[in-house]
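# Report on the structure
Residues per chain are reported as follows:
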Amino acid sequence: MQRRLIATAVLTLAASLSLATLPANVNAAPRVADATVTTQLPRNAAPRNYDVALTPDAAAGTFAGKVTITLDVVTATSTITLNAADLAFKSAAITTISTKGGKALPARTSIDKEAQTATFTFARALAPGQYKLALDYTGVIGTQAVGLFSLDYDSDGGKKRALYTQFENSDARRMIPSWDEPFYKATFTLSATVPAADMAVSNMPVASRTNLPDGRVRVTFGESPKMSTYLLFFGLGEFERATRQAEGTELGVVTRKGGASQAAFVLQESAAILKEYNDYFGVRYPLPKLDNIAAPGRSQFFGAMENWGAIFTFEYAMLLDPAVSTQHDRQEVFVTAAHEMAHQWFGDLVTMAWWDDLWLNEGFASWMESRMSERLHPEWESNLGVVAVHEGAMTRDSVVTTHPVVQHVATVEQASQAFDSITYQKGESVIRMLENYVGELAWRNGVRAYMQKHKYSNTVSDDLWNSIEKAAGKPVKAIAHDFTLQPGVPLVRVGVPVCTAGETSVTLTQAEYSRDQPQRKPLTWRVPVVAKTLGATGDARTVIDKGQVTLRVPGCGPLVVNAGQNGYYRTLYSPQAFDALSLQFGALPPVDQLGLLSDSWALGLAGLAPTSNWLDLAAATPEGANPQVWSKLTGVLMQIHGMYGEDKARRQPFDDYAIARLAPELARIGWDAVRGEAEPVATLRADLIVALGALQHAPTVGEAQRRYLALQRDPGSVPAALRQPVLSVVARNNDVAGWAALRSAARNEKSPMVKDQMYMLLAQANDPGLSERALELALTDEPGATNSAAMVAAVAQHAPELAFDFATANMAKMNTRIDESSRSRYFPSLATHSANPAMVAKVKSYAEANLAPGSRRDAETAMAEITNRIKVRQARLPEIDAWLAKHAK
Ligand SMILES: [Zn+2]
């Protein structure tokens, strides 16, 4: 799944399958979960095949279902318990197929709403053997992206409604009574009775279509390979589909009618990605087709989902509209596709046995999306993104409420909370570090062996480490365990480098990086380290395994520890080592400039180094430095701007300094793209415009307003690359009349994707009165069912107290507009940007009143972030004020 990241960037404020080709284990007898695998179902039976017939009534928001489950009873029992949520059963009966002539045995059905199960009880015990369980039931089509759901949108032909499914982590049970746990893999045969004019899509190609007397058609899809329930997909609507052949697979994009041309980029890139993956994994993509289905709207929980053979992606992460899409959007579309396609192997073909090892899916897919950008689009310089990935993980991993990458998950709600930056970004960081440690080829060979050995089945993390260790011929598991079984971020302290005879000798000491200094002994890790001196050709590698090492590094220039930034740790230099680097900052490779900027800011925040270190580096960043270095600089300057809050008088000297730093860079690269400029410049330009707009830099605000007026007169007058930044500056500075004009434009907009963007802009106005209006608007039907929660979250970016109070005061209404799996995190997330002590108590009482004790981690993290922000303001702003008094002119 592609997680919907809470944007930290300034901008956002961002033919049936022949079974003969499948290996024998696909048809092996099903196993029940053994004692090593967590399950919430009895260990007495397991499924082989689900034969599902679905009849949706999109207008009524309901569906009728019939399923015949071929299953094995492994221990004699008179009950079978399955997962089921919001389903009503009409009949249930079981037939033995182990012996001939068995009669259907009816069942009494009982529902446990809390446990999300249905139990079928029979008049006599079922002996071990194979059976068919036939169930007839009805269910609900929701309006948020959970289970089987509908999305409404405007089109030239009027209002339209399309249906989709979203089952990860535990919502297949809303459409099919099933063993809805990743361990229980089975084959699926899906058929649906649908309007003749609609297109139906599932994991497999359509095997047959039958016209029915009432004018509808019954569409039957080919039997799927053996897979987990959460990977099943069904979609239905007025769609169009474009295809191309690649590597013997039919690649497809499915969009609402009229949208396929905007999917041309993703279709073309998917072909290149498929070729890379077939080679990398050493197992060819096993299904006959792979679709990517675009849907309007959004979810608080995810952006895209890796259903096997039928990836689901919200339009904003898949379609490119030539009139509005930016370079940043293109990259997002690419990485989203690369991420979901990686899951077709890591997740779909080989699946974690239980949610404890979710990171095997998500860490790996995240690492692969970065790897694919670097390989297929070197012009984007995505290799520099490694620092932002570490940063995302370390921010979360350096407060007391963090958790290990591999963690025990006990409930469905805890499983949904596991989709966080530890699982995704720390997972990616750890993989990157270990690949760097064992070497690219050894890592790939290990992955190939793992795929071959475990295809169509389930694994735990040690299965991966075993394969890698064997391929690498050196120990990996101990380091992997240090970084995945315990939480936290290592800190490497760098002593005073001493140069003798062309070689630098330095002592490295391992400690722990924490922002809230827990009252416990610091943790220890075996940390692989790469160090290099500026100007030297070779590097030095070691593992800090007993707390301290002395390392000899070729050359005598300034010493960079974590050279290349592949290691998951913070580096704290001695003042002598830092000063040497600071003096030659502009000469460092861009990735190490980013690493140094990132570490020195984070260490400053934690009080482990003076904040002035970062300010010195910011001052030393040369004009024309790498655009991503400038984007990072811009991001931190805006973070400091935010730290000052509404204390405008105290903030002014800082804002003046930030403008003095950023405005010349915008002037240097200009508002309009220059032919032949590097692609990351486009993203930097957008970042600078939005930042200078937020700093109320009059020329930037004026130019944005001028271009906005031109856009009203002639939509072609502003290039797509500038549209979002211009709108963002105008929207933030809007007055009542401007806000009303934007709202009327949003109402009249026909493109669902652009319409969504406009409602988000309405929520960005800084004016408190307009923020309140945006909140009220969010609770009406006007923005569309899936935009409401995102609008309130957008207000929370600049007015967290207002948004949190509003959302909790209107909780019942809000809950109908948030998908159920996100509720326990949504409300705390609104408060997380606050620096108001009263909010800590409010979040606490919200959690106590609404969340089970085992589901409060997100609330506790929000409280830790608020507390930390208050502390940082008190402790760091005086340092920044003092630095400004000394340095700013
Ligand atoms: Zn994913």
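Please refer to the structure higher up on the page.
Before going into details, it helps to say that this report is about the structure given with it. Bear in mind the structure is a predicted one, so any value in this text is a computation, not a measurement. Residue positions are given per chain, counted from 1 along the sequence in the order it is written. Reporting in this predicted model follows two pLDDT cut-offs: at least 70 for local features of residues, and 80 or more for side-chain atom pairs to be given and counted; totals over whole chains, interfaces and linings ignore these cut-offs and use all residues. Excluded from the side-chain calculations are hydrogens and water; all other atoms, namely the structure's heavy atoms, are used.

The next subject is the layout of surface pockets. Residues are called lining when one of their atoms sits within 4 Å of a cavity or pocket point, these points coming from a 1 Å grid over the protein atoms alone, where a cavity is a set in which a 1.4 Å probe fits but cannot get out and a pocket is an open set with protein on both sides within 12 Å along at least five of seven lines. Grid points are joined across faces, edges and corners, and a volume is the space filled by probe spheres set on the points. Its boundaries defined by the atoms lining it, the second largest pocket holds a volume of some 910 Å³. Forming the walls of the second largest pocket are 33 residues, and the residues nearest its centre are E114, Q116, R174, E413 and E820. Taken together, the residues that form the lining of the second largest pocket break down as 11 nonpolar, 12 polar and 10 charged. Residue polarity follows a fixed list, in which Ala, Val, Leu, Ile, Met, Phe, Trp, Tyr, Cys and Pro are nonpolar, Asp, Glu, Lys and Arg are charged, and the others, Gly among them, are polar.

This part covers helix α6 (residues 421–438). Along its 18 residues, α6 runs 25 Å from first to last C-alpha, staying within 8% of the 26 Å computed at 1.5 Å per residue. Accessibility here uses a 1.4 Å probe with only protein chains present; expressed as a share of the type maximum, an area under 20% marks a residue as buried, one over 50% as exposed, and anything in between as partly exposed. Runs of H or I in DSSP of at least four residues are treated as helices and runs of E of at least two as strands, each being numbered from the N terminus. Summarising burial for α6: 16 of the 18 residues are buried, a large majority. We call two N or O atoms a polar contact when they sit within 3.5 Å, provided that within protein one can donate a hydrogen and the other can accept it, with sequence-adjacent residues counted only if both atoms are side-chain atoms. Residue D420 occupies the N-cap position of α6, its side-chain oxygen lying 3.2 Å from the main-chain nitrogen of I422. One or two steps after α6, the chain reaches G439, where phi turns positive at roughly 100°. By definition here, a helix of n residues has an expected span of 1.5 Å times n minus one.

Let us now look at the state of the cysteines. Cysteine sulfur pairs qualify as disulfides if the two atoms are within 2.5 Å. Within this structure, the stated rule accounts for 1 disulfide. The disulfide partner of C499 is C556, and the gap between their sulfur atoms is 1.7 Å. Every disulfide takes its handedness from the sign of the S-S torsion; for C499 and C556 that torsion is 55°, giving right-handed. In this pair, C499 is assigned in strand β24 (residues 498–500) and C556 in the loop between β28 (548–554) and β29 (559–561), connecting sequence segments 57 residues apart.

Another point: the sheet that holds strand β20 (residues 310–314). Between any two strands, at least two bridges found by DSSP are needed for them to pair. Spatial strand order, β1-β19-β20-β18-β17-β16: 6 strands in an open sheet with mixed pairing. Across the chains shown, the open sheet's two edge strands, defined by having one partner strand only, are β1 (2–3) and β16 (239–246). Looking at chain direction, strand β17 (residues 249–256) and strand β18 (residues 289–295) are connected through 5 bridges and run parallel. Bridge assignment links L251 to a residue of β18, and that residue is L290. Across the sheet, helix α1 (residues 264–281) is in contact with β16, β17 and β18; its angle to β17 comes to roughly 150°. What makes two residues a contact is simply this: any of their non-hydrogen atoms within 4.5 Å. Simply put, an axis is a line fit to the C-alpha atoms, just over the touching stretch for a helix, and the angle between two N-to-C directions goes from 0 to 180 degrees.

Right, let's talk about helix α13 (residues 627–643) for a bit. In an α-helix, one turn spans 3.6 residues; hence positions three or four apart end up facing the same way. With 17 residues, α13 ought to run about 24 Å at 1.5 Å a step, and its terminal C-alpha atoms sit 24 Å apart, in line with that. By the criterion of burial, α13 is predominantly enclosed, with 13 of the 17 residues buried. Backbone nitrogen of Q628 and a side-chain oxygen of the N-cap are separated by 2.8 Å at the start of α13; the cap is N626. Positive backbone phi, approximately 60°, marks G645, located one or two places after α13.

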